[in-house]
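Listed below are the residues making up each chain.
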Amino acid sequence: MKSKGNITINGRSFPFREGQTILDVAQANSLDIPTLCYLKRATSNGGCGVCVVEVAGGEKGVQMLRACETPADVWMNVRTESPTVIKARKEAIQNMLDTGNHNCAVCGTSDAAWTDFQLGAQKSDETTDLCPVWGDCRLQDLAFKYQVQGQNIPSDKEYPKDLANPFFVRDYSRCIKCGRCEAACNEVQVNLAIDWNRNDKDASYPLANEFCVYCGECVQACPVGALVEKDVHYSLRPWEVDKKVRTTCSYCGVGCQLELHVRDNKIVKVEGVDAAPNYGSLCVKGRFGYHFVGHPDRITSPLIKENGKFREASWDEALDLAAKRFSEIREKHGGDVMGVLTSARISNEENYLAQKFARAVLKTNNVDHCARL
Amino acid sequence: MTNPIGDVEKAEVILITGSNTTENHPVLSTYAKRAVKRNNAKIIVVDPRQIPITKLAHKWLRQNLGTDVAWINGLMHVIIKENLYDKDYVANRTEGFEDLKAAVEKFTPQYTEEITGIPAKDIEETARIFAKAKSASICYAMGITQHICGTDNVKSLANLSMLTGNLGIQGGGVNPLRGQNNVQGACDMGGLPNVFPAYQPVTNPDVKARLEKEWGVSGMSGNLGLPVTVMLPMAHDGVFKSLYIIGENPLVSDPDLNHAEKCLEHLEFLVVQDIFMTETAAKADVVLPSACFAEKDGTFSNTERKVQRVRKAVDAPGDCKQDWEITCEIASRMGYEMKYDNPEQIFDEIARVTPSYGGLSYKRIDKDGLHWPCPAPDHPGTPILHKGQFTRGKGLFHGIDFIPPAEQPDEEYPLYLTTGRVIYHYHTGTMTMKSEGLNAAAPECFVEVSPEDAASYGIKDGDKVHIASRRGEITAVARVIDMTGPGTVFLPFHYAEAAANKLTNAALDPVAKIPEFKVCAVKIAKAA
């Protein structure tokens, strides 16, 4: 698409296209405008106020506008970190911190307040640990960056906590009502399982209804500790993850891109990668069905059947036996009474070798797999 | 798929048939759902079950089981009769139109209704919606292919797409949704009895000679091999002697399991290479433990023909080896030296002998995969097939007549059975049933019975029900729900302890040799 003109951001001029917001132009040029409720691929954003910027040059004088929802225009002279912007941003962060059990940023207030609030938050969680997403929280990051502390945190408010579903915890005490989960569910996955009226300030996001299929899109979208995987909740901290490995999902044929989080040679969490074909989305199997990988039922040693029972064998013994018997049958009957069933589950490289084995070693084209099943 | 996954969201009309998309391809279904929500696209579902995506559908047509050729011909009858077909496209890009016209002539809306049970009015309306769309995508899965007329069904969908000028354009296409992560790749690599890598016929002596040279062997077979659905019965007769099974569990996934089990038992020698002690592995003489996807490097090719990287995240447990290493070891011990340092070396050999993968390398697909055909290192890949011209030149219409399913309900077995998957489990369940959460969400086998049938058999929701066909019997918990309509029951096939495939019919499509999993006759009774 053609450039529609140039916009000025922090004194520099950038071209933009029809339909691009100030945030789009900034991101395309590696300028950091912080966001929180903004969810890529969703249409309705703009509630949290974190992406506010100062826009001069128009008829209305200097305006404070949300970068995520304001279309770029040629008259705009944008400042992304002016003192007024920082003040407004601090207020927005402050308001969110004050909505619930955000006990990460309270250090620095009086010892007594810290302790009371901390104890209250921990008591409601029946734990002595800090918030389950401490160190992996967008709100905490922003609070530290802009040096904001919670002030009017209600320490005695009771919140419902939903532990009923098998995959994730829904903790209303930490919900900041940013709307990301609702947009993720209703606009990105279109499962329509979260019912929430944006205009009702007191509305909470109701529990998963009958339409919820536990895809976990809301969990990945949640910027705070309101939606956390059960496997992660109070048992995995981000700094304990040894590595994150990008790979391709091994369930259906869509080929979603996954990031496997590994601790001590075990997969402990799975996230969708923001790339084709899934752009961050996953289904319940891809996100939560990884326990087979290191499962104790895995076969871990070659087995040879003797008198109807399996016994463990060394690789040399098992491979020699397989090669010897296959060779004998090939010599006696020829390859056309032998077959290879390769697999729609293994890699291209392994499939290639399996058919090469049938054709070059057994000298038969009797090779197939379960494409039909 | 002829078109990339992202194209589904760009279609004006999306025809979904024989695919329970939201449960079996959940992430792909989001493209269809967003198309409705954001672009006012229309989804048309043709499926015997009231599957979840019907909630967002503009139209849902419930056809009688196994009558797909009839309703597709019915649509084309209306489209031709009302002059709604793409005449330029048909004239310039296709051949055989007269054959098609003659074949669909008798499929009037009324005749189509008699066969399919779809009201004539719905056939007419659907034909108009489909034909008038600027772009119409067809998505299908095993509900179309797992029939004795599976090949006919697919050709019929291709007819419909060509007739309306939807092949080779953005937002169009005939799009099979592959049910397994690398079923596309297994086919591309020549894991089929009739073709070498890249679908080069095994009967072509030039291709055979080229591969013999590349592989350093002579005397390879130039005869068609046997599909699995033929190998197993031959084993039963003692003709077929040995199988090397890698990562497959035919003893839950094959039709008529009682028979399949005997077939495996009659083999002289069976080697199974897998990650779990599956029902099939239990029958083996030698079991070889292999590594799973998270423990290996390599590539998978997804349903849109995109070749993507797989990367090792964790070490395999115990003595498990990579599947490719095991195959190399057996080959080398049989006197054929098969040796590679790593999967990338194998991939480079694949690129040499597989024309459609010729331009691919690990370096090129490191960040983002590429769609084949990609014949050269500077080729950008081919997201949309048949653009401007078909692979064979002109698109060929096939005039196809309707044939009924192999088994029909009768007095003894009065109900239809159809099978499928649920969202929480995958195929034979060896992987998903290791996650507590997934088991909690879908703990046991169930049979969907319509409220009408439930009433006449005295079955209540939650009752244990015996389901029997001519081939076997299982027990499952009744789920009384308006999904299949009266006269048909549905079973998921994941559960080995109540394997739906003990009941299914092994009758095969004569071309693709695919079994008719989607239709057979059963009787049900409340368990005592």
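Owing to the predicted nature of the structure, the values given are computational and were not obtained by experimental measurement.

K.L.:
Quick question: what am I supposed to make of the pairing of strand 1 (residues 13-17) of chain B here?
P.N.:
Along any regular strand the residues' side chains alternate between the sheet's two faces. Residues and elements named next belong to chain B. Burial of strand 1 is extensive: 5 of the 5 residues sit out of reach of the surface. Residue alternation in strand 1 divides its side chains into two sets, Val13, Leu15 and Thr17 and Ile14 and Ile16, and both sets are buried. Inspection of the sheet shows strand 1 paired to strand 5 (residues 136-140) by 5 bridges, in the parallel sense. Looking at strand 5, one finds that isoleucine 16 is bridged to cysteine 139. Note: strand 1 against strand 2 (residues 42-46), 5 bridges, orientation parallel. For threonine 17, the partnering residue across the bridge sits in strand 2 and is valine 46.

K.L.:
Just checking my understanding: could you explain helix 4 (residues 138-145) of chain A for this structure?
P.N.:
Since the α-helix turns once every 3.6 residues, residues separated by three or four places project in the same direction. Residue and element names in this part refer to chain A. Turning to helix 4, its buried residues are Arg138, Leu139, Gln140, Leu142 and Ala143. Tucked inside the fold, the buried residues of helix 4 contact helix 2 (83-97). Following helix 4 by one or two positions, glutamine 147 has its phi on the positive side, about 50°.

K.L.:
Would you take a moment to explain the sheet that holds strand 3 (residues 52-58) of chain A for this structure?
P.N.:
All names here are of chain A. Strand order in the open sheet formed by 5 strands is 2-1-5-3-4, with mixed pairing between adjacent strands. The open sheet terminates on both sides in strands that have one partner only, identified here as strand 2 (12-17) and strand 4 (61-66). Between one strand and the next, the sheet's axes are offset by a mean angle of 35°, whatever the strand orientation. Two elements, strand 1 (residues 3-9) and strand 2, share 6 bridges in a ladder whose sense is antiparallel. Considered in strand 2, the bridge of asparagine 6 is made with proline 15. Strands strand 3, strand 4 and strand 5 (77-79) of the sheet are contacted by helix 2, whose axis makes an angle of about 145° with strand 3.

K.L.:
Mind showing me how you'd approach the confidence of the model for chain B here?
P.N.:
For any part of a model where pLDDT is low, the fine detail of the predicted coordinates should not be relied upon. Mean pLDDT over chain B: 96, with 100% of residues reaching 70 or higher. Among the prediction metrics, the complex's ipTM stands at 0.95, with pTM recorded as 0.94.

K.L.:
Explain the UniProt feature "domain: Molybdopterin dinucleotide-binding" (unreviewed entry) in chain B here, please?
P.N.:
As annotated by UniProt and renumbered to match this structure, "domain: Molybdopterin dinucleotide-binding" (unreviewed entry) occupies residues 415-521 of chain B. Helix and strand shares over residues 415-521 of chain B are 12% and 28% respectively, and the end C-alpha atoms of the span are 6 Å apart.

K.L.:
I tried to follow the domain arrangement of chain B on my own but got confused; where do I start?
P.N.:
Note on interface size: it is often stated as the accessible area lost on association of the parts. For chain B, the domain assignment lists domain 1 (5-177), domain 2 (183-371) and domain 3 (415-526). Its C-alpha centre places domain 1 of chain B at a distance of 34 Å from the equivalent point of domain 2 of chain B.

K.L.:
What should I look at first to understand the UniProt feature "domain: Molybdopterin oxidoreductase" (unreviewed entry) in chain B in this one?
P.N.:
The UniProt feature table records "domain: Molybdopterin oxidoreductase" (unreviewed entry) at residues 1-332 of chain B. Spanning residues 1-332 of chain B, this segment combines 41% helix with 15% strand, and its end C-alpha atoms are found 37 Å apart.

K.L.:
I'm lost on the interface of chain A and chain B in this one. Help?
P.N.:
In this complex, chain A contributes 99 residues to the contact, which on the side of chain B involves 122 residues. With 13 residues, helix 9 (residues 348-361) of chain A is the largest single contributor of residues to the side of chain A that touches chain B. Broken down by class, the residue content of the side of chain A that touches chain B amounts to 54 nonpolar, 29 polar and 16 charged.

K.L.:
What's the story with unusual backbone geometry in this structure? I'm lost.
P.N.:
Excluding glycine, residues mostly carry a negative phi; peptide bonds, for their part, are mostly trans. In this structure, the amide linkage connecting alanine 276 of chain A to the following residue, proline 277 of chain A, adopts the cis form with an omega of 0°. Mapped onto the fold, proline 277 of chain A is located in the loop between strand 11 (266-272) and helix 7 (284-288). Geometrically, the link from tryptophan 372 of chain B to proline 373 of chain B is a cis peptide bond, its omega value of 0° lying close to zero. Mapped onto the fold, proline 373 of chain B is located in the loop between strand 14 (370-371) and strand 15 (395-396). The backbone of asparagine 307 of chain A sits at a positive phi, close to 50°, despite the residue not being glycine. Among the structural elements, asparagine 307 of chain A can be located in the loop between strand 12 (303-306) and strand 13 (309-312). Assessed through the 5 C-beta atoms surrounding it within 10 Å, asparagine 307 of chain A is described here as exposed. In the Ramachandran plot, asparagine 40 of chain B falls in the positive-phi region, its phi being about 55° despite a non-glycine side chain. Position of asparagine 40 of chain B relative to the elements: it lies in the loop between helix 2 (26-39) and strand 2.

Definitions and limits used
- Residues numbered from 1 in each chain as written.
- Chains lettered and ligands numbered in written order.
- Predicted model: local features only at pLDDT ≥ 70, side-chain atom pairs only at ≥ 80, totals over all residues.
- Buried ≥ 20, exposed ≤ 12 C-beta atoms within 10 Å, placed from the backbone.
- Helix = DSSP H or I, 4+ residues; strand = E, 2+ residues; numbered from the N terminus.
- Pairing = 2+ DSSP bridges.
- Contact = placed C-beta atoms within 7 Å.
- Axes fitted to C-alpha atoms, helices over the stretch in contact; angles between N-to-C directions.
- pLDDT = per-residue confidence, 0-100.
- UniProt positions renumbered as here; feature names shortened; annotations may be inferred.
- Domains from an automatic or database assignment.
- Nonpolar A, V, L, I, M, F, W, Y, C, P; charged D, E, K, R; others polar.

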